[in-house]
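# Topology and contacts: notes
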Amino acid sequence: MSAILSADDLNDFISPSVACIKPVETLPKQREQLPSYEVTTEDKVQAENPPPASISLTDCLACSGCVTSAEAVLISLQSHTEVLSTLDAHPSLDVRKHVQGSSKPHSKLFVASVSPQVRASLAATYQISERQSGYMIDQLLCGPHGLRSGGQYGSGFTYVVDTNRMRETCLVLGADEVAQSLTGGSTAARPVLTSACPGWVCYAEKTHPHVLPHLSKLKSPQALTGTLLKSVLSKSLGIQPSQIWHLAIMPCFDKKLEASREELTDRWWANDQDTDASTLPVRDVDCVITSRELLTLANDRGINLPSLPLTPLPKEYRIPFPDSTISRFLFPKSRRRHYEHHDLAQSSAGGTSGGYLHYILTSQQARHRGSTIHTQRGRNADVTEFTLLSSTQEPLLKCARFYGFRNIQNLVRRLKPARGSRLSAAAARRKEGIGTRKDDGAGEYAYVEVMACPGGCTNGGGQIRVDEAIALQSAAQRGRELEGETDHAGNGAGLSQKDWLRRVDSAYFSAHSSASSDAECDGSEINSQPGDPNDDDDLDPDREMHDPNFASDHALDPPTPRDLLTYWSACTCIPLEKLAYTTFRKVESDVGKSKKGTGSRPGETEGIAALAASIGGGW
């Protein structure tokens, strides 16, 4: 079970400890009945009606009160224990020796995807570079001193993919979607709203269905990576998607809910002839754990993360990817090629949440020679407006960034349709733009980047916090001192959470600057994915044997995101619309509603687990 949720907490409404200022239902007061003859002291007498707690919308949505029983099970069943139990229950499928149709049904191909925010959190915690933190994760998941060192079968992960690769395709497709909305050719209503944040999407589906037509139909980088891995690997190796087990390591607990969506299973993208209606759908992402859960994963296996080599994997653990074109995109030989496209890089201009808004603005700016981007801060640091101005200072495009639920509430209020005939004029004006008040701005928003966490994804709920980092740094420092090493680095004591987030952000943005400086200093090829199969300058003889095109492809540049999407659709014979896009729907939450025939909790949990399995849980 997750450290955040457990089976004992399952209930459709988890009662708050104090009265809520906006209660969903009337909660019976639990108090001890004192005998009438007992004399009590004043401090034992409770007030009949305790004053309501003063909480913000952020506090409300951050608790588990809005999480239904089914969602709680879906989250709790995705944890570090699920990772270990799955590794212990199945031997790894050996891709080098695999021949189509020869694998044992019991074996699984273990693959993982890691977000850059997770690497930044680990880098700040252990005071290493972002690149070294990637090596650390790679050694844990794939290396001989990591997860493979324990368990019944010694199973480990075969491939570890950087979600930044599919983020690039999301940026390109997102810019196309906004461009189409400007000409009326998009399925999303204006303004187009980011849909990569599952916390925001869950909130919109449950409480504000009027904004759903505005949500971008694109899958998130996590979901798109899962679809790519399962569709390509299953076809290339001739195995079922159910034999591929995909772990995503993310900065946010809400990503567990995203992975559990029924729209993100093979039933939504696989061809009819390739699916069996009698079997359960297979999720594109089987399990999601966070940065903090990654630490617990290593600890439960008895692995000391700081002791792992901060170097690429040994050659024998770098397994060739079966499709050479996809491999060149996922594991490019040189980091310099990636960072020549500055709009795709993890730059401070793009922010800490993927750079969707920045890429759209720069894409539109490239179409208008002499145009400039004007930035105006909103009421707080998490609200920013961007206006693309022509060479004559005429507004061409207006976009905005809204982070945190406090600001999101203001956004959805301004998107709410007007009521009544008296407001027909206001409704007409609202139809022209997002709002009509003076402080809303003169032009309309074409695109809004919305993220649930204040400060963006580096501040996700699953990230390592400052007090945890200080404890980990102190433990690592004591270990180095016992080994006789001198450590002059500080452990971060006295840092505030805000200062700590700045350190994590700095590690996140360093992925671009460090790669560029390293390449300039020594002229060497910098690998974009730690431990990728193309890590050596020498050709891998095993890969050359299994891939006859490897020698000729080795010197080629990686495909562009558009080329990758075209090739992906062609090699799988699946339309891009089914691979890259998803849908959203209004959700009727069962929070606060009475249930008929409520039984015991164990029976309830089993029923919900069955419900989870029916939409591709596979637990």
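Residues numbered from 1 in each chain as written. Predicted model: local features only at pLDDT ≥ 70, side-chain atom pairs only at ≥ 80, totals over all residues. Heavy atoms only, no water.

## A few points about the sheet that holds strand E7 (residues 383–389)
Strand order across the open sheet formed by 5 strands is E3-E9-E8-E7-E6, with mixed pairing between neighbours. If you trace the sheet from one side to the other, it starts and ends with strand E3 (192–193) and strand E6 (372–377), each paired once. Where strand E8 (residues 395–403) meets strand E9 (residues 447–451), 5 bridges bridge the pair, whose relative direction is parallel. Considered in E9, the bridge of cysteine 399 is made with tyrosine 447. (Pairing = 2+ DSSP bridges. Helix = DSSP H or I, 4+ residues; strand = E, 2+ residues; numbered from the N terminus.)

## Describing the nonpolar core
Core analysis: the biggest nonpolar cluster contains 74 residues, and Leu109, Trp200, Leu233, Phe321 and Leu330 have the highest contact counts within it. The greatest single-element share of this core, amounting to 7 residues, is contributed by helix H6 (residues 164–182). With residues near it in sequence (within four places) discarded, leucine 233 still touches Leu109, Val111, Tyr159, Leu228, Gly238, Ile239, Ile244, Phe321 and Pro322. With 41 residues, the next largest nonpolar core counts Val83, Ala298, Ile464 and Tyr508 among its residues. (Core = buried A, V, L, I, M, F, W, Y, C linked by side-chain atoms within 4.5 Å. Buried < 20%, exposed > 50% of the residue type's maximum accessible area, 1.4 Å probe, protein only. Contact = heavy atoms within 4.5 Å.)

## Points about helix H10 (residues 291–300)
Buried within H10 we find Ser291, Glu293, Leu294, Leu295, Leu297 and Ala298. Backbone geometry just downstream of H10 places glycine 302 in the positive-phi region, at approximately 75°.

## Brief notes about the sheet that holds strand E5 (residues 287–290)
In spatial order, the strands read E2-E1-E4-E5; together these 4 strands make up an open sheet with parallel pairing. Across the chains shown, the open sheet's two edge strands, defined by having one partner strand only, are strand E2 (159–162) and E5. Neighbour-to-neighbour, the strand axes of the sheet open up by a mean angle of 25°, direction not taken into account. Summarising the sheet, strand E1 (residues 109–114) and E2 pair through 4 bridges and their orientation is parallel. Within E2, the position partnered with valine 111 by the bridge is tyrosine 159. (Axes fitted to C-alpha atoms, helices over the stretch in contact; angles between N-to-C directions.)

## Concerning the packing of helix H7 (residues 198–207) against helix H14 (residues 405–415)
Contact pair H7 / H14: the axes reach a minimum separation of 12 Å and the direction vectors enclose 45°. Between H7 and H14, the angle is such that the two are oblique. Read as a crossing pair, H7 and H14 show a hand that is right-handed. Residues Gly199, Trp200 and Tyr203 of H7 touch H14, and the partners they reach there are Phe405, Ile408, Gln409 and Val412. Counted by class, the contact of H7 with H14 contains 5 nonpolar, 2 polar and no charged residues. (Parallel < 35°, antiparallel > 145°, perpendicular 65-115°, else oblique. Left-handed = near helix turned anticlockwise from the far one by under 90°. Nonpolar A, V, L, I, M, F, W, Y, C, P; charged D, E, K, R; others polar.)

The values reported here are purely geometric and, on their own, carry no functional implication.
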